[in-house]
Amino acid sequence: VQLQASGGGLVQAGGSLRLSCVVSGRTFKWYNMGWFRQAPGKEREFVAGINWSGSSTYYADPVKGRFTISRDNAKNTVYLQMNSLKDEDTAVYYCATDSKTGRPVVVGPVEYDYWGQGTLVTVSS
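The structure reproduced in this document is the subject of the present report. These numbers were taken from a predicted model, which means no experiment stands behind them. (Residues numbered from 1 in each chain as written. Predicted model: local features only at pLDDT ≥ 70, side-chain atom pairs only at ≥ 80, totals over all residues. Heavy atoms only, no water.)

Let's talk about the overall build of the protein chain
Point 1. Each helix and strand in the protein chain was counted, giving 0 helices and 11 strands.
Point 2. Taken from N to C terminus, the helices and strands of the protein chain fall in the order β-β-β-β-β-β-β-β-β-β-β.
Point 3. What you see for the protein chain is a C-alpha radius of gyration of 13 Å, in line with the 14 Å of a compact globule of 125 residues.
Point 4. Expressed as lengths along the three principal axes of its C-alpha atoms, the size of the protein chain is roughly 40 × 25 × 25 Å.
Point 5. Looking at the protein chain as a whole, 43% of its 125 residues qualify as buried.
Point 6. Counting only contacts in the protein chain whose residues sit at least 6 apart along the sequence, the fraction spanning at least 24 positions is 57%.
Point 7. Approximately 6,300 Å² of the protein chain is accessible, and the part contributed by carbon and sulfur atoms is 49%.
Point 8. The centroid of the 13 positive side-chain charges in the protein chain is displaced by 6 Å from the centroid of its 10 negative side-chain charges. (Helix = DSSP H or I, 4+ residues; strand = E, 2+ residues; numbered from the N terminus. Rg over C-alpha atoms; globule rule 2.2 N^0.38 Å. Buried < 20%, exposed > 50% of the residue type's maximum accessible area, 1.4 Å probe, protein only. Contact = heavy atoms within 4.5 Å. Areas by Shrake-Rupley, 256 points an atom, 1.4 Å probe, with all protein chains shown as cover. Lys, Arg positive; Asp, Glu negative; His and termini not counted. Charge placed at Lys NZ, Arg CZ, Asp CG, Glu CD.)

Remarks on the sheet that holds strand 7 (residues 67–72)
Point 1. The sheet built from 4 strands is open, its strands ordered 1-3-8-7 with antiparallel pairing. In the strand order of this sheet, the two ends are held by strand 1 (2–6) and strand 7, each with one partner. If you compare each strand with its neighbour and ignore which way they point, the axes differ by 15° on average.
Point 2. Note that strand 1 and strand 3 (residues 17–24) share 5 bridges and pair antiparallel. Across the sheet, the residue bridging to serine 6 is serine 20, located in strand 3. (Pairing = 2+ DSSP bridges. Axes fitted to C-alpha atoms, helices over the stretch in contact; angles between N-to-C directions.)

Topic: the nonpolar core
Point 1. If you look at the biggest cluster of nonpolar residues, it comprises 27 residues, and the most contacted ones within it are Trp35, Leu80, Met82 and Tyr93.
Point 2. Among the secondary structure elements, those contributing two or more residues to this core are strand 1, strand 3, strand 4 (31–38), strand 5 (45–50), strand 7, strand 8 (77–82), strand 9 (91–101) and strand 11 (119–124). (Core = buried A, V, L, I, M, F, W, Y, C linked by side-chain atoms within 4.5 Å.)

Rendered as structure tokens:
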């Protein structure tokens, strides 16, 4: 299973970025997906999750109302649209696949078994 994340970069505070993550080697449409991030010196934290069909999403409080997770099962791709970016959003962002099927979105990193390589998002003020 491989996950290829892209779309990170340098953006000014208040700006937007769209991250993408393409999954191969797994029946993508069966699995919930999550986005996580890790800032320097901090633990990896949950950002957003989406269920297998795209009908249910869940967000961490710091990003609610600013970030949107979506997926295209025909393209084996999950997206993270990030608007109104803040300095504190600076981190390496990772996509990941849930290790199980048939359950609601979960937020713990240990519940996800395959991870992308990460894409760096830097927000400057």
